[in-house]
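Observations on the three-dimensional arrangement
Okay, here's what each chain looks like letter by letter:
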Amino acid sequence: MLDQTQFLQQVQESAALPDAEQAQRLCAHVLHSLSLLLPPDLREQLAQRLPDALAADMRPRGGISGADPDPLVDGQLFIGPLVNDFDTTYGYDQSIGGLDLVSTYADDDAKRQVQAVFQAVQACIDASLARRVEQALPDDLDHWWRSAQAYRRSV
Amino acid sequence: MSERNGRADAGRNGVATLTVQAFHTEHRPTWCPGCGDYGILTALKKAFVELGLAPHQVMIISGIGCGSKITDYINANGFMTIHGRALAVATGFRLANPAMPTIVVTGDGDGYGIGGNHLLHTLRRNINLTHIVENNQIYALTKGQYSPTSEQGFVTPTSPDGAPERPILPTALAFVGGATWIGRGSAGRPQQLAELIVDAIRHPGYALLDVLQPCVTFNKLNTYDWYDERSRDVTELAGADYDPSDREQAWAMVQRWGDEGIPLGVLYREHLPTYEDGVVAYKRHRPPIAFMEQPLSAEQFDALKAELL
């Protein structure tokens, strides 16, 4: 079990973020996206194992955060709120107008950052709960969860 | 349409065993990671399966824009047209083949801006089309200019001092224009979106489905979180007894937007004769082209095709 400072510190280091504020924003995005994929009982069990301030991101906010998981949410929708927060444009395109985009390459960054949070979450829960979370994740995300575990073991 | 996954799979599997796999293509979307268009693509495939529509039994007609590339990413009949003209092409297609469910996919700039005039006349015609508008409140494919649904004051390369105009509210525009089915979904809620697409396709007449679709790259205002905080089921905002066929209740909901809550669901539904019902030529002397005896045999058609390709 990590306290909030340890949790954010671990995320900041793993995701190579410049400060704790960005680590906190990353955690908020990932935990909220995770909450949309988990059934209510599992979501609550996981929230109880997290530091209080972070657990709040696992609980329904109203609106989109319904009681039941949406079975059609996949990895792309999972990372959407996170990529929304990325710096996705570079500068003014002098040739045809508009802004040059760099988000095309954001999937590697998104994966690395999501796994940094997964890794910290896994440090707060036992293997049985980790397996249940993995089973609740869509196919294109469960290996991110598994490889975050492997990374944790190798550190 | 790919023979490998399309007609062949549909014919082999039949409707009873149709799965979303039948709609997969080998093309990897070029959308930005996390784009809301992924949720719309997933919901559309799911809706086709729910309706038992095999890839060869449905037509998708799109315009130009990030989301309009959907015809490349779904294994079904598809026609990517030109900017703003998808509704016009779809109208022609429907008249030629009124038996095939036809989905029109455009963005907000394409559907409400460039194609605004076509929208007005499609609304009043009530032709049997399901129009899905991927409304990300920006021109994304052209790299970030403000669109007809961008918020007033929205700063972009084409509005460095903020967009001067007030935005279009598509649901209200559709209501006064005569749409007989109006709904709103969210790319972030694909399950509900799939249900709305099913309802829209079943509706006899024109159905406008406005979809909140975050552009992760160019729109840093109307984000997943922005929509998340404001989106509510229409029954939550209007009450559990909300009746989309009640014009007075519907008028209140189609005008609702922003911090006071954005309603999701079927906002309005009315049953009126469709445009196809009124095409006199069908009844008097000419069936739709798709039902006519074709002047060429299959062999002659293949020979002509080979000559031209």
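Residues numbered from 1 in each chain as written. Chains lettered and ligands numbered in written order. Predicted model: local features only at pLDDT ≥ 70, side-chain atom pairs only at ≥ 80, totals over all residues. Heavy atoms only, no water.

Overview of the state of the cysteines
Residue and element names in this part refer to chain A.
- Enumeration according to the criterion identifies 0 disulfides over all chains in this entry.
- The closest cysteine sulfur to the non-disulfide-bonded C124 is located on C27, 10.0 Å from its own sulfur.
- On the basis of relative accessibility, which here comes to 1%, the residue C124 falls in the buried class. (Disulfide = S-S within 2.5 Å. Buried < 20%, exposed > 50% of the residue type's maximum accessible area, 1.4 Å probe, protein only.)

Re a nonpolar patch on the surface
All names here are of chain B.
- On the surface, L296, F301, L304 and L308 cluster together into a nonpolar patch covering about 390 Å² of accessible area.
- Structurally, L308 can be placed in helix α13 (residues 298-308).
- Residue L308 is classed as exposed on the basis of its relative accessible area, which comes to 67%. (Patch = residues over 30% accessible without salt bridge, like charges linked within 9 Å, V, L, I, M, F, W, Y side chains within 5 Å. Areas by Shrake-Rupley, 256 points an atom, 1.4 Å probe, with all protein chains shown as cover. Salt bridge = Lys/Arg side-chain N within 4 Å of Asp/Glu carboxyl O. Helix = DSSP H or I, 4+ residues; strand = E, 2+ residues; numbered from the N terminus.)

Considerations on helix α3 (residues 40-48) of chain A
- Within α3(A), the full set of buried residues consists of L42(A), R43(A), L46(A) and A47(A). For α3(A), the angular spread of buried residues about the axis comes to 135°, placing them on one side. (Arc of directions from axis to C-beta.)

A few points about the confidence of the model for chain B
All names here are of chain B.
- With 95% of its residues at a pLDDT of at least 70, chain B reaches an overall mean of 93.
- Between residues 1-15, whose pLDDT stays under 50, and residues either more than four places distant or in other chains, the model counts 26 contacts.
- With a pTM of 0.92, the predicted complex shows an ipTM of 0.90. (pLDDT = per-residue confidence, 0-100. Contact = heavy atoms within 4.5 Å.)

A few points about the side chain of N126(B)
All names here are of chain B.
- Assignment of secondary structure puts N126 in the loop between α6 (116-125) and β4 (130-135).
- According to the relative accessible area criterion, N126 is buried, its value standing at 4%.
- At 3.4 Å, the side chain of N126 and the backbone oxygen of L272 are in polar contact.
- In terms of polar contacts, N126 uses its side chain to reach the backbone carbonyl oxygen of P273, at 3.0 Å.
- Sequence-distant contacts of N126, that is, excluding residues within four places in its chain, are made with T180, P204, G205, Y206, L272, P273, T274, Y275 and E276. (Polar contact = N/O pair within 3.5 Å; in protein donor to acceptor, adjacent residues only side chain to side chain.)

A few points about the interface of chain A and chain B
- Listed as interface residues are 34 residues of chain A and, on the opposing side, 35 residues of chain B.
- Carbon and sulfur atoms supply 60% of the area that chain A and chain B bury against each other, a total of about 2600 Å² over both sides.
- Connecting chain A to chain B are 2 salt bridges.
- Linking D107(A) and R28(B) is a salt bridge whose minimum nitrogen-to-oxygen distance equals 3.8 Å. (Buried area = accessible area lost by both parts, 1.4 Å probe.)

As for the nonpolar core
- Ranked by internal contacts, the top residues of the largest apolar core, which has 49 residues, are F7(A), V11(A), L46(A), F78(A), F118(A) and V121(A).
- Breaking this core down by element, the ones donating at least two residues are α1 (4-14), α2 (20-35), α3, α4 (52-55), α5 (75-84), α6 (106-122), α7 (127-136) and α8 (139-154) of chain A.
- Looking at which element gives the most residues to this core, the answer is α6(A), with 8 residues.
- Apart from the residues within four sequence positions on either side, L46(A) is in contact with L34(A), L38(A), M58(A), V121(A), I125(A), L129(A) and V133(A).
- Counting residues in hydrophobic clusters, the runner-up holds 37 residues, among them I40(B), I74(B), A76(B) and V211(B). (Core = buried A, V, L, I, M, F, W, Y, C linked by side-chain atoms within 4.5 Å.)

Quick notes on the pairing of strand β1 (residues 59-62) of chain B
Residues and elements named next belong to chain B.
- Across the two faces of β1 the burial is the same, with M59 and I61 and I60 and S62 all buried.
- Note that β1 and strand β2 (residues 77-80) share 4 bridges and pair parallel. Counterpart to S62 in the pairing with β2 is M80.
- As judged from the 4 bridges shared by β1 and strand β3 (residues 102-107), these two strands associate in the parallel manner. From the neighbouring strand, I61 faces β3, where its bridge partner is V104. (Pairing = 2+ DSSP bridges.)

Topic: the sheet that holds strand β6 (residues 207-212) of chain B
Residues and elements named next belong to chain B.
- Spatial ordering of the open sheet is given by β2-β1-β3-β4-β6-β5-β8-β7, a layout of 8 strands whose pairing is mixed. The open sheet is flanked by β2 and β7 (231-233), the only strands paired with a single partner. Across the sheet, the mean angle separating the axes of adjacent strands is 25° when strand polarity is ignored.
- Lying over the sheet, helix α2 (residues 37-51) contacts β1, β3, β4 and β6, oriented at roughly 160° with respect to β4. (Axes fitted to C-alpha atoms, helices over the stretch in contact; angles between N-to-C directions.)

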